[in-house]
Amino acid sequence: MGEAVDSGVAHGKALVALVDGALGEDGSFLEKARAAVRRDLGDAAFVDACAAIASFNAVVKLADGTGIPIEDWKVERTRDIRSALAIDAYRE
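Let me sum up the structure you'll find in this document. (Residues numbered from 1 in each chain as written. Predicted model: local features only at pLDDT ≥ 70, side-chain atom pairs only at ≥ 80, totals over all residues. Heavy atoms only, no water.)

1. Some remarks on the nonpolar core
Where a protein is soluble and globular, its nonpolar side chains tend to be buried together. With 9 residues, the main nonpolar core is built from A14, A17, L18, L30, A33, V37, F46, A49 and I53. Every element with two or more residues in this core is listed here: α1 (12-23), α2 (27-41) and α3 (43-65). (Core = buried A, V, L, I, M, F, W, Y, C linked by side-chain atoms within 4.5 Å. Buried < 20%, exposed > 50% of the residue type's maximum accessible area, 1.4 Å probe, protein only. Helix = DSSP H or I, 4+ residues; strand = E, 2+ residues; numbered from the N terminus.)

Listed below in structure tokens is the structure:
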């Protein structure tokens, strides 16, 4: 994961790290990000942040599943899974 840019949002770097960890594949990075948010913002804010990440991730998946055209950058990255699930057949 790259170093988070300062967005000007209070605790923004910790929150961006949590997002990167949640959507990434590095379990130890995620554990550190979780601990940092809980330590710096508290348990309630941690739960709120996790809910926001999950909600946004779900909304994107729902939008993709409704037939909204796939973005160019996703075409190659999702080719194998779309083929395995025969997702492209839904367009026909």
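2. A short note on a nonpolar patch on the surface
Among the surface-exposed residues, I81, L85, I87 and Y90 lie close enough to one another that they form a single nonpolar patch of about 450 Å² accessible area. By the element assignment, I87 lies in the segment after α5 (79-85). (Patch = residues over 30% accessible without salt bridge, like charges linked within 9 Å, V, L, I, M, F, W, Y side chains within 5 Å. Areas by Shrake-Rupley, 256 points an atom, 1.4 Å probe, with all protein chains shown as cover. Salt bridge = Lys/Arg side-chain N within 4 Å of Asp/Glu carboxyl O.)

3. Comments concerning the packing of α1 against α2
Helix-helix packing: each pair is described by the crossing angle between the helix axes and the interaxial distance. Remark: α1 packs on α2, axes separated minimally by 8 Å, with the N-to-C direction vectors making an angle of 150 degrees. Relative to α2, α1 is oriented roughly antiparallel. In this structure, α1 meets α2 at a crossing whose hand is left-handed. Residues A14, L15, A17, L18, D20, G21 and A22 of α1 lie in contact with α2, whose contacting residues are F29, L30, A33, R34, V37 and L41. (Axes fitted to C-alpha atoms, helices over the stretch in contact; angles between N-to-C directions. Parallel < 35°, antiparallel > 145°, perpendicular 65-115°, else oblique. Left-handed = near helix turned anticlockwise from the far one by under 90°. Contact = heavy atoms within 4.5 Å.)

Everything listed here is a matter of geometry and, on its own, says nothing about what the molecule does.
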